[in-house]
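Each chain, letter by letter, is given below.
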Amino acid sequence: MATTATMEAADIAVVAVYFILVLVVGILAMWKANRNTVSGYFLAGRSMNWAAVGASLFVSNIGSEHFIGLAGSGASSGLSVAAWEFNALLLLQLLGWMFIPVYIHSGVFTMPEYLSKRYGGRRLKVYFAALSLVLYIFTKLSVDLYAGALFIQESLGWNLYLSIILLIAMTALLTVTGGLVAVIYTDTVQAFLMIAGALCLTGISLFKVGGLEGMKTKYMEATPNITAILLSSPNLTYSESCHHHITPKPDSLKILRGPRDPDLPWPGFLLGQTPASIWYWCTDQVIVQRVLAAKNIAHAKGSTIMAGFLKILPMFIIVIPGMISRIFFADELACISPEHCMEVCGSASGCSNVAYPRLVMSVMPVGLRGLMMAVMIAALMSDLDSIFNSASTIFTLDIYKMLRKQVSSRELVIVGRLFVVVMVIISIAWVPVIIEMQGGQMFYYIQEVSDYLTPPVAALFLLGVLCHRCNETGAFWGGMVGFILGALRLLLAFVYREPHCSQPDTRPSFIRDVHFMYVAAILFWVSALVTIIVSLCTPPPRKEQIRTTTLWGLNKRNLKQEEGKKSEEDFNILKPLNHVTRDGNKINGIEANHESAHQSNGHASTNIDTKTVEKAENGGVRVLEEEEEDCFGGGAAEGGRCIKVLEWFCGFQEKPSKVQVITAQEQEKIVDELLREPLHTKIILNIGLVVICSVGVFLFIFFSV
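Since the structure is predicted, the reported quantities are computational estimates derived from the model, not experimental observations.

## What to know about the overall build of the protein chain
Then, number 1: Of the regular secondary structure elements, the protein chain holds 31 helices and five strands.
Then, number 2: Taking all 705 residues of the protein chain together, 60% fall into the buried category.
Then, number 3: For the protein chain, contacts bridging at least 24 residues in sequence account for 84% of all contacts bridging at least 6.
Then, number 4: A total of about 27700 Å² of accessible surface is found on the protein chain, and carbon and sulfur atoms cover 64% of it.

## Side note on the pattern of salt bridges
Then, number 1: Taken as a whole and assessed by the stated rule, the structure comprises 12 salt bridges.
Then, number 2: Two residues, Asp 263 and Lys 249, come together in a salt bridge whose shortest N-O distance is 2.6 Å. Of this pair, Asp 263 sits in the loop between helix 11 (243-246) and helix 12 (266-283) while Lys 249 is found in the loop between helix 11 and helix 12, placing the two residues 14 residues apart along the sequence.
Then, number 3: A salt bridge links Glu 677 to Lys 301; the shortest N-O distance between them is 3.0 Å. Within this pair, whereas Glu 677 is found in the loop between helix 30 (664-675) and helix 31 (679-702), its partner Lys 301 is found in helix 14 (residues 297-310), the two being separated by 376 residues in sequence.

## Things to note about helix 15 (residues 313-328)
Then, number 1: With 16 residues, helix 15 extends 22 Å from end C-alpha to end C-alpha; this agrees with the ideal 22 Å at 1.5 Å per step.
Then, number 2: Of all the bends found along helix 15, the most pronounced is centred on Ile 320 and spans about 25°, while Pro 321, a proline, follows it within four residues.
Then, number 3: Most of helix 15 sits out of view: 13 of its 16 residues are buried.

## As for the state of the cysteines
Then, number 1: A full pass over the atoms with the stated rule returns one disulfide.
Then, number 2: Here Cys 335 is linked by a disulfide to Cys 341, with a sulfur-sulfur distance of 1.9 Å. Across the S-S bond of Cys 335 and Cys 341 the torsion is about 85°, and the bridge reads as right-handed.
Then, number 3: A relative accessible area of 9% places Cys 335 in the buried class.
Then, number 4: No disulfide involves Cys 470; its sulfur sits 3.6 Å from that of Cys 467, the nearest cysteine.

## Concerning the packing of aromatic side chains
Then, number 1: This model, assessed by the stated rule, comprises 21 aromatic pairs.
Then, number 2: Geometrically, the ring pair formed by Trp 84 and Phe 269 is edge-to-face, given 5.7 Å between the ring centres and 90° between the ring planes. Here Trp 84 is found in helix 5 (residues 83-106), whereas its partner Phe 269 is found in helix 12, with 185 residues between them in sequence. Taken as a pair, Trp 84 and Phe 269 share a single burial class, namely buried.
Then, number 3: With 4.8 Å between their ring centres and 90° between their planes, Phe 524 and Trp 525 make a pair best called edge-to-face.
Then, number 4: By relative accessible area, which is 7% here, Phe 524 ends up buried.
Then, number 5: Put simply, the rings of Trp 84, Phe 86, Phe 269, Phe 316, Phe 443, Tyr 444, Phe 698, Phe 700, Phe 702 and Phe 703 pair up and form one aromatic cluster.
Then, number 6: Residue placement shows Arg 118 over the ring face of Tyr 119; its charged tip is 4.7 Å from the ring centre.
Then, number 7: Across from the ring centre of Phe 476, 3.8 Å away, lies the NZ or CZ of Arg 123, which sits over that ring.

## Comments concerning the side chain of Ser 252
Then, number 1: With respect to the element layout, Ser 252 can be found in the loop between helix 11 and helix 12.
Then, number 2: At a separation of 2.6 Å, a polar atom in the side chain of Ser 252 contacts the main-chain carbonyl oxygen of Lys 249.
Then, number 3: Setting aside residues up to four positions removed in sequence, Ser 252 forms contacts with Ser 77, Gly 78, Leu 79, Tyr 219, Met 220 and Arg 257.

## Things to note about the confidence of the model for the protein chain
Then, number 1: Per-residue confidence for the protein chain gives a mean pLDDT of 77; residues scoring 70 or more make up 76%.
Then, number 2: Within the protein chain, the lowest mean pLDDT, 39, falls on strand 3 (residues 611-615), and the highest, 95, falls on helix 25 (residues 516-536).
Then, number 3: Low confidence marks residues 569-638, where pLDDT is under 50. Its contacts with residues over four positions away, or in another chain, come to 170 contacts.
Then, number 4: Here residues 653-659 scores under 50 on pLDDT; set against residues more than four positions off or in separate chains, the count is 13 contacts.

## A closer look at the packing of helix 3 (residues 50-61) against helix 14
Then, number 1: The contact between helix 3 and helix 14 brings their axes to 8 Å, and the two run at 45°. Considered as vectors, helix 3 and helix 14 are oriented oblique to each other. Both helix 3 and helix 14 take part in a crossing whose hand is right-handed. Contacts between helix 3 and helix 14 involve Trp 50, Ala 51, Val 53, Gly 54, Ala 55, Leu 57 and Phe 58 from the former and His 299, Gly 302, Ser 303, Thr 304, Met 306, Ala 307 and Leu 310 from the latter.

## Some remarks on the nonpolar core
Then, number 1: Of all hydrophobic cores here, the largest spans 169 residues; its most connected members are Phe 99, Ile 100, Tyr 103, Ile 255 and Tyr 356.
Then, number 2: In terms of residues, this core owes the most to one element, helix 7 (residues 123-155), which gives 17 residues.
Then, number 3: Once residues lying within four places of it in the same chain are set aside, the contact partners of Ile 255 are Leu 79, Ser 80, Ala 82, Ala 83, Phe 86, Leu 264, Met 315, Phe 700, Phe 703 and Ser 704.
Then, number 4: With six residues, the next largest nonpolar core counts Phe 109, Leu 397, Tyr 400 and Val 415 among its residues.

## Points about a positive patch on the surface
Then, number 1: Among the surface-exposed residues, Lys 543, Arg 547, Lys 556 and Lys 560 lie close enough to one another that they form a single positively charged patch.
Then, number 2: Mapped onto the positive patch, the elements with two or more residues apiece are helix 26 (543-547) and helix 27 (551-564).
Then, number 3: The class of Lys 560 is exposed, set by a relative accessible area of 64%.

## Concerning helix 7
Then, number 1: Compared with the 48 Å implied by 1.5 Å per residue over 33 residues, the 47 Å span of helix 7 between its first and last C-alpha is a close match.
Then, number 2: Of all the bends found along helix 7, the most pronounced is centred on Tyr 136 and spans about 35°.
Then, number 3: Here helix 7 lies mainly inside the structure; 26 of its 33 residues are buried.

Calculation rules
- Residues numbered from 1 in each chain as written.
- Predicted model: local features only at pLDDT ≥ 70, side-chain atom pairs only at ≥ 80, totals over all residues.
- Heavy atoms only, no water.
- Helix = DSSP H or I, 4+ residues; strand = E, 2+ residues; numbered from the N terminus.
- Buried < 20%, exposed > 50% of the residue type's maximum accessible area, 1.4 Å probe, protein only.
- Contact = heavy atoms within 4.5 Å.
- Areas by Shrake-Rupley, 256 points an atom, 1.4 Å probe, with all protein chains shown as cover.
- Salt bridge = Lys/Arg side-chain N within 4 Å of Asp/Glu carboxyl O.
- Expected span 1.5 Å × (residues − 1).
- Bend = angle between axes of the 7 residues up to and from the residue.
- Disulfide = S-S within 2.5 Å.
- Phe/Tyr/Trp six-rings, centres within 6.5 Å; stacked < 30°, edge-to-face > 60°.
- Lys NZ or Arg CZ within 6 Å of the ring centre and 35° of its normal.
- Polar contact = N/O pair within 3.5 Å; in protein donor to acceptor, adjacent residues only side chain to side chain.
- pLDDT = per-residue confidence, 0-100.
- Axes fitted to C-alpha atoms, helices over the stretch in contact; angles between N-to-C directions.
- Parallel < 35°, antiparallel > 145°, perpendicular 65-115°, else oblique.
- Left-handed = near helix turned anticlockwise from the far one by under 90°.
- Core = buried A, V, L, I, M, F, W, Y, C linked by side-chain atoms within 4.5 Å.
- Patch = residues over 30% accessible without salt bridge, like charges linked within 9 Å, V, L, I, M, F, W, Y side chains within 5 Å.
- Lys, Arg positive; Asp, Glu negative; His and termini not counted.
- Charge placed at Lys NZ, Arg CZ, Asp CG, Glu CD.

Shown next, in the form of C-alpha cells:
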C-alpha cells in the first residue's frame, strides 16, 4: 500500500504561516530580552513563569526523533517504549524537589560548574562538559537531523541537504539573536502547535481503526502478506529466521515485560534505565537550564508538575499512532527481508522509522498535513535550538572561561554565539553520515548509546547532592571506572553489530544476551560503590564545598532560617525576583551571587554587564564599571552605523551601569527569596506532587498487567 499523497498548496501555506509566527515571536522576544548579560542570555534573566518553563521542558524533550523514534518503536514492538515517558513524569519531580533547590542554593549556571563547585578541582568539570558536548552531537543533534530529513523526504521529496541546512540556519539565527528568552517563548508557541496537530492525527487515526479497542485487536493481527509481496517482487527472498521480526510480539500491549525481554526487561528498566535517565532529566544542561530560568523555586516546581502531566501525552499522540500506522502499512513497515526493507525505505535494518510520516500523509486531509509538517519542523527546531543554546552555555562557561582567566561578559556572550555557528557547521558536516545511518528503532539506538556513557555521571550527581562525605578523589575514580567500562562496552557493541534477521547471530554471549539496561545498572552501581569506598579512604571535602551544594547544607540553612526569622512575613511568591535595588538603580542579583560564587571557588570573576566584580571593604561585592575594547578593537560607541546595528543585533547596551555594591547579606537575601515558599503555595505544590506521582505509578501498573 504505497503512499501517493503529497503536500499541496494549502499545506505549504500552513507551513509558511508557522515560520512567520515563530520568527515574529522570536524577534519580539529578542527585542524585549536582556541579552547582553550572561544571566539574561543563558538563563533568561531568571524571569520565566511556571507555564512557560513547563511548556519549554516538554517541547525541548519532544524532538523530531521522538515523533520518528517513538512511533517507529510503537509500530515495531508495541507500547513498551512509552515506559520512558512515564518514567520521565516521575524523574521530573525528582528534579524539581531535590536537585533544583540545591542548584539554586549553590548559585550555578551549568552542570559542569556544579560538579566543580561540589567536588572541587577541574578534572570532573572538564570530563562532564566534554562528555555532554559529545552526547549532544552523537545522540541528539545527528539523530534529530536524520529524523527531520526522513520526514521531509517522506512528505515533500525536497533535497535533503538544502532543507536541513535551511532548518539549521533558521534555528541558529533564532538562538543566536534571542538567547534563552527567545527559545522559551518560541517553545511555548510550538508546544500548543505540536499537541494540537498530534491530537488531530490521533483522533482521525483512532476513528479509522475503530477506537482504542479496535487498535489493540488489529495491531496484534498486523502482519505482512508474504505471498503478495513475493509475487509483486519476484527477486525478493524470504527466510523463516525473519518470522519473529514481522509478527507482533505477544507482549506488545504491555509496557514492563519479562526479565529476558529483548525490548524492555522490567528489572533492567527499574535498576538500570531509571538511574541512567536521571542524567538526562536531573543533570542535563538542556533540561536544567530551563528550570533554572524560573522566577523562583515555586515556579520551578510548578513547571516540573506541568511538564509531568504533558509527558502523559506522547504515548497517546505518538506511540499509539505508530501502532496504527503498522495496521495500515503492515506490508511496508514490517518488511519481510533486508532486501525488501531496502526497497521500501532504503534501510536494511527495518522500516519502522517511517511509520509516523506515512500515517500523516495517508490519513490527514489537505491543510492538516501542512499542520503536521509544521509540527515536525517545530519539534526539530525546538530540539536544535535547545541543543545550540545549552551546548554554547557549557562551552562558554565551563571550557572557554577555564582557558581564558580574565574574560569580559561581552567576550563570553560573543564566544557563546560563535560556538553556535561551530555547532551548525558540525551539524551540516554530519549530514552525509546521518543519511547513511541505519537502525530499525532509532529511539533504542539513542538509549543504548546513552546507557553506556551516562550512568556514572548520574551516580556522581546523586552522591554529590545526597552524600556530603563523598569527595573529589572518590568521584573522579568512580566516574573514570564507570566511563572506561561503559566506553569499552560501547566499542564492543559497534564492533559486534547485530546481524540482519536473515543471517546467523555469532556475537559473543555477553554481547548478544545481556540487555543494555542491565549494563547500565552495573555501570551505575559500580561507579557509586567505587566513589563511596575511595571517598571513605581519603580526607572528607571541606565545609565550603558542601555548604551550598548538598541537601545536607540546604536543610541546615532552612533550619537556621526557621529559628531566626519566624516573625518575618513571607514574600509575595509571584514578585519578580531577578533583581535587587540599591541607590535607585537595578542590578541583577543572581548574576552578582553567581560572581561571588565564582570568587569563593577560586575562579576568575566575570561581570555580566561588562563590569568587574571586586571584594568591597565591607565584605560585600563591588561592581565596577570597566573600560574595555569590544571584539572589533574599539569602543562600541565609536563605531559606525554597521557596528551599531550589529551591537543591537547581539543585544549589547551602549552604556554600562554605574558603580554598585551588593553586600553578602543582600546576596543571602536574594537566595532566600528564590528558595522561599509561602505555606499555602507549598501545600498546593505538594498536593500536585502527590497527584502526578500517583498518576505515573498507576499508568505503569495499568499498562503492564
